[in-house]
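Spelled out, the chains give:
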Amino acid sequence: GEDVEQSLFLSVREGDSSVINCTYTDSSSTYLYWYKQEPGAGLQLLTYIFSNMDMKQDQRLTVLLNKKDKHLSLRIADTQTGDSAIYFCAESMNTGFQKLVFGTGTRLLVSP
Amino acid sequence: DGGITQSPKYLFRKEGQNVTLSCEQNLNHDAMYWYRQDPGQGLRLIYYSQIVNDFQKGDIAEGYSVSREKKESFPLTVTSAQKNPTAFYLCASSNQVLPKINQPQHFGDGTRLSIL
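Predicted model only: the values in this text are computed from it and were never measured. (Residues numbered from 1 in each chain as written. Chains lettered and ligands numbered in written order. Predicted model: local features only at pLDDT ≥ 70, side-chain atom pairs only at ≥ 80, totals over all residues. Heavy atoms only, no water.)

A. Spotlight on the overall build of chain B. Each helix and strand counted, chain B has zero helices and 11 strands in total. In chain B, the succession of helices and strands from N to C terminus is β-β-β-β-β-β-β-β-β-β-β. Since a compact globule built from 116 residues should have a radius of gyration of about 13 Å, the 14 Å found for chain B is in line with a globular shape. The principal-axis extent of the C-alpha atoms belonging to chain B is close to 40 × 30 × 30 Å. The buried share among the 116 residues of chain B stands at 47%. For chain B, the share of sequence-separated contacts (at least 6 apart) that also reach a separation of at least 24 residues comes to 55%. Total accessible area on chain B is roughly 5800 Å²; 47% of this is exposed by carbon and sulfur atoms. (Helix = DSSP H or I, 4+ residues; strand = E, 2+ residues; numbered from the N terminus. Rg over C-alpha atoms; globule rule 2.2 N^0.38 Å. Buried < 20%, exposed > 50% of the residue type's maximum accessible area, 1.4 Å probe, protein only. Contact = heavy atoms within 4.5 Å. Areas by Shrake-Rupley, 256 points an atom, 1.4 Å probe, with all protein chains shown as cover.)

Right, dumping it as structure tokens:
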């Protein structure tokens, strides 16, 4: 079945690293995405990883993929107050169109 | 600037009324999508369209209708048959879907629909 799970809430102090975790179910997923949503706004694509990769780094963002455990994580280095938002992971299902299955989102709160 | 424009930002519906949410994109994308977001939940797919004049139901299509007469436009109508329409509605678009090619979806800023 299709199910992407995330923890609901994460609180960190400014300057610390944040790690947001996600588990997914479809082993045939081709791409996995991380999106950021600020209050009252749409989703902003942060980064993605192809399913045959283990890691991808993009400035302050590091994505780790453990395909055996179907576990995806997003690490934000030197977290800033502007990083406070909801973060969604999504898996791209192996269907005839690009169906994305989203997690419930993790609300990240960064305190000064 | 290329992007996706959703309007209006806020919309109110009376009982028994149909309302239409607008979504326009100038990214020259072939595929367009409508999602519904409820508090504490992920996004759920309502309808999608891979090409002009064609669209398919998503996971929660009941009470909704769409059209795709132009490549740039994918309006969503919330009909009176949708008994719980209060939600945040997001429109997205992506390039033509090709197997194993990364085609990320890009989102508009959403429309918040409430019941009067």
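B. The nonpolar core, seen in detail. The biggest cluster of nonpolar side chains holds 21 residues, and the ones touching the most others in it are Trp34, Leu72, Leu74 and Tyr87 of chain A. Within the residue set of this core, elements represented by two or more residues are β3 (18–23), β4 (31–37), β7 (61–66), β8 (71–76), β9 (85–92) and β11 (106–111) of chain A. Sequence-distant contacts of leucine 74 of chain A, that is, excluding residues within four places in its chain, are made with Ser18, Val19, Ile20, Trp34, Leu46, Thr47, Leu61, Thr62, Val63 and Tyr87 of chain A. By size, the runner-up hydrophobic cluster in this structure holds 20 residues, among which are Tyr33, Phe88 and Phe102 of chain A together with Phe107 of chain B. (Core = buried A, V, L, I, M, F, W, Y, C linked by side-chain atoms within 4.5 Å.)

C. Molecular detail of the sheet that holds strand β1 (residues 5–6) of chain A. Residue and element names in this part refer to chain A. Strand order in this open sheet of five strands is β1-β3-β8-β7-β6, and the pairing throughout is antiparallel. Bordering the open sheet on either side are β1 and β6 (55–58), each of which pairs with just one other strand. In this sheet, β7 lies alongside β6 in antiparallel orientation, the contact comprising four bridges. Paired with lysine 56 across the two strands is valine 63, which belongs to β7. (Pairing = 2+ DSSP bridges.)

D. Representation of the pairing of β9 of chain A. All names here are of chain A. Counting buried positions along β9 yields eight of eight residues, so the element is predominantly enclosed. Neither face of β9 is left uncovered, since the one carrying Ala85, Tyr87, Cys89 and Glu91 and the one carrying Ile86, Phe88, Ala90 and Ser92 both have all their residues buried. Strand direction decides the pairing type here: β4 and β9, joined by six bridges, are antiparallel. The residue bridging tryptophan 34 from the neighbouring strand is cysteine 89, located in β9. As paired strands, β9 and β11 are joined by three bridges and run antiparallel to one another.

E. Molecular detail of the side chain of threonine 79 of chain B. Residues and elements named next belong to chain B. Along the polypeptide, threonine 79 turns up in the loop between β8 (76–78) and β9 (87–94). A polar contact is formed between the side chain of threonine 79 and the backbone oxygen of glycine 63, at a distance of 3.0 Å. The contacts of threonine 79, once residues within four sequence positions are left out, are Arg13, Gln17, Asn18, Gly63, Tyr64 and Ser65. (Polar contact = N/O pair within 3.5 Å; in protein donor to acceptor, adjacent residues only side chain to side chain.)

F. Highlighting the environment of tyrosine 35 of chain A. Looking at the element boundaries, tyrosine 35 of chain A is found in strand β4. For the pair tyrosine 35 of chain A and alanine 90 of chain A, spaced 55 residues apart in the sequence, the C-alpha separation amounts to 7.9 Å. Among all residues touching tyrosine 35 of chain A, those that are not within four sequence positions of it are Leu43, Gln44, Leu45, Leu46, Ile86, Tyr87, Phe88, Leu100 and Phe102 of chain A together with Pro104, Gln105 and Phe107 of chain B. Here glutamine 105 of chain B takes part through its backbone oxygen, which lies 2.7 Å from a polar atom of the side chain of tyrosine 35 of chain A.

G. Structural context of the pattern of salt bridges. Residue and element names in this part refer to chain A. Tallied over the entire structure, the rule returns seven salt bridges over all chains. One salt bridge in this structure joins glutamate 38 and lysine 36, with 3.3 Å as the shortest N-O distance. Residue classification places glutamate 38 among the partly exposed positions, given a relative accessible area of 36%. Measuring nitrogen to oxygen at the nearest pair gives 3.7 Å for the salt bridge that ties aspartate 69 to lysine 68. On the basis of relative accessibility, which here comes to 76%, the residue lysine 68 falls in the exposed class. (Salt bridge = Lys/Arg side-chain N within 4 Å of Asp/Glu carboxyl O.)

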